[in-house]
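What the coordinates show
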Amino acid sequence: MGYTYDSVAGSDAAYHMSTYTRRPVLFVKGRGMRLFDDDGSEYLDFVSGIGAVNLGHAHPAVADAVSCQMSRLVHVSNLYHVENRAQLAEELSRLLGGEWRAFFCNSGAEACEGAIKLARRWGRKNKGERAVRIVTAERSFHGRTMATLAATGQPSKQEMFAPLPHGFSHVPLNDEAALAAELDDTVCAVMLEVVQGEGGVHPCDADYLRAVRRLCDQRGALLVFDEVQTGFWRTGKHAFAYQSREVLPDVVTLAKALANGLPAGAVMARGEASRAFESGDHGSTFGGGPVICAAALATIGALRAERLGENAAAAGARLRAGLQRLASDTDLITEVRGAGLMLAAQLGKPCAAEITAAALERGLVLNNIGTEIIRFLPPLMCGPGEIDTLLSVLSDILVEAGGSS
Ligand SMILES: Cc1ncc(COP(=O)(O)O)c(C=O)c1O
């Protein structure tokens, strides 16, 4: 309280490592889709803390569950049972459908790191000592720890941190033949985002995913879906993006919206994969703590009760149609991609940062990926009025940026 944008930005520049180029705004409050800055100005949030606040800001059900648990028990570690950890595992298993077992951690990178370790443990048990390789997609993003960075198919993010752990290879997305050529006895898993997020919002084709499942079965590799960004109804009426593609993975990684913006992650596995870890193989001090589990249970309960998946499908369709209209009205948008409320506009000119900066000045929080992609990840209660406001402001900005109308 009492901080100004200038004092905070000054201290940040002096005392914080500069891994982020922060936008010139100080958000101090949020409610639903709205954010408020230190001057009391209101913004519509189309970023959701990078796809984490699916239920909207400051949801009372999550706030109550967290504050209730905070005053009861905060932390005892994974050496002991807590009342709600197994309940959350069971709830996630139900959402995934079938019988799944969980390992809880604190972030998306940790969840993917856990899945990598699980796959290698499974590979050694089931295929032999050489089965340690993991195949992922070009342009993929799985995190910033050393192993998840090695899994990430973006050389620009990796180069400065070599040598990275060995045993990862990257294939072009939606290319069955390229994957088939890569799968041999040394591969223990294929890991994919059903819709690539950080790589620019590129969906996997349903046919491709079916082929990947078939190839994994034929060659004896686990299929891991990284649903860190796509999970919890982000892509529409199904809780997880793969559920609309009718392909069942062996392992699913979760984080981001799991606890509506609090740090939480999970590795979910079924069948033999769910029994690959043995006591002492993996661990986390904080993962699956009582406060996070309370937040996650409240989040899932409210997402379901408020039928936000159905809203994500309807609102996503409206936003997509509006963006496509903008694409035909102005020549700046060349393609609209994504699913549900995980959408991107591909630009024909490298002006995405300028557009998101202009949008912020007009009360819209947008995200650009690189210089030519604008991404839209609003909270899932986003309504038609908010979408129409976005489209109208964006239309003006696109014309100003040089798109003809
Ligand atoms: C698909 C995917 N996996 C993993 C991660 C890493 O998550 P975190 O930043 O919580 O470590 C991200 C983050 O954007 C992601 O989008």
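Residues numbered from 1 in each chain as written. Predicted model: local features only at pLDDT ≥ 70, side-chain atom pairs only at ≥ 80, totals over all residues.

Remarks on the overall build of the protein chain
The secondary structure content of the protein chain amounts to 13 helices and 17 strands. Dimensions of the protein chain, computed from C-alpha atoms along their principal axes, come out at roughly 60 × 55 × 45 Å. For the protein chain, the residues scored as buried account for 48% of the 405 residues in total. Long-range pairs, those at least 24 residues apart, make up 73% of the contacts in the protein chain between residues at least 6 apart in sequence. (Helix = DSSP H or I, 4+ residues; strand = E, 2+ residues; numbered from the N terminus. Buried ≥ 20, exposed ≤ 12 C-beta atoms within 10 Å, placed from the backbone. Contact = placed C-beta atoms within 7 Å.)

Let's talk about the site of the ligand
As a matter of local geometry, the ligand sits amid 15 residues, with Ser 107, Gly 108, Ala 109, Val 228 and Gln 229 nearest to it. At three residues, the largest contribution of residues to the shell around the ligand is made by helix α5 (residues 108–126). (Near = placed C-beta within 6 Å.)

Some points on the nonpolar core
Ala 119, Val 190, Leu 222, Val 251, Ala 266 and Met 268 are the most contacted members of the largest nonpolar core, which has 127 residues in total. Considering each element in turn, this core owes the most residues, 11 residues, to helix α10 (residues 290–305). Counting contributing residues, this core receives three or more from each of domain 1 (5–55 + 307–400) and domain 2 (62–305). Apart from the residues within four sequence positions on either side, Ala 266 is in contact with Leu 92, Ala 102, Phe 103, Phe 104, Cys 105, Ala 111, Leu 254 and Leu 258. (Core = buried A, V, L, I, M, F, W, Y, C linked by C-beta atoms within 7 Å. Domains from an automatic or database assignment.)

Points about the environment of Ala 352
Assignment of secondary structure puts Ala 352 in helix α12 (residues 352–361). Each C-alpha atom of the pair Ala 352 and Leu 35 lies 22 Å from the other, and the pair is 317 residues apart in sequence. In this view, Ala 352 contacts Leu 347, Asn 368, Gly 370, Thr 371, Glu 372, Ile 373 and Ile 374; residues no more than four positions away in its chain are not counted.

Here's the deal with the domain arrangement of the protein chain
The domains assigned to the protein chain are domain 1 (5–55 + 307–400) and domain 2 (62–305). Measuring from the centre of the C-alpha atoms in domain 1 to the corresponding centre in domain 2 gives 26 Å. Sorting the residues of the side of domain 1 that touches domain 2 by element identifies α2 (48–51), α11 (308–329), β13 (333–339), β14 (342–347) and β17 (373–376) as the ones contributing at least two each. Here the element with the most residues in the side of domain 1 that touches domain 2 is α11; it accounts for six residues. The class makeup of the residues in the side of domain 1 that touches domain 2 is 14 nonpolar, seven polar and three charged. (Nonpolar A, V, L, I, M, F, W, Y, C, P; charged D, E, K, R; others polar.)

A closer look at the sheet that holds β17
Read from one edge of the open sheet, four strands run β13-β14-β17-β16, paired in antiparallel fashion. Of all strands in the sheet, those bounded by a partner on one side alone are β13 and β16 (367–369). On average, each strand axis in the sheet is tilted by 25 degrees relative to the strand beside it, whichever way the strands run. Inspection of the sheet shows β13 paired to β14 by six bridges, in the antiparallel sense. From the neighbouring strand, Ala 339 faces β14, where its bridge partner is Met 342. (Pairing = 2+ DSSP bridges. Axes fitted to C-alpha atoms, helices over the stretch in contact; angles between N-to-C directions.)

Remarks on the environment of Asn 126
One can find Asn 126 in helix α5. We classify Asn 126 as partly exposed; it has 14 C-beta atoms within 10 Å.

Quick look at the environment of Leu 222
Tracing the backbone shows Leu 222 in strand β10 (residues 222–226). When the C-alpha positions of Leu 222 and Gly 199 are compared, they lie 23 Å apart, and in sequence the two are 23 residues distant. Ignoring sequence-local partners within four residues, the contact set of Leu 222 consists of Ala 119, Trp 122, Cys 188, Ala 189, Cys 216, Asp 250, Val 251 and Ala 273.

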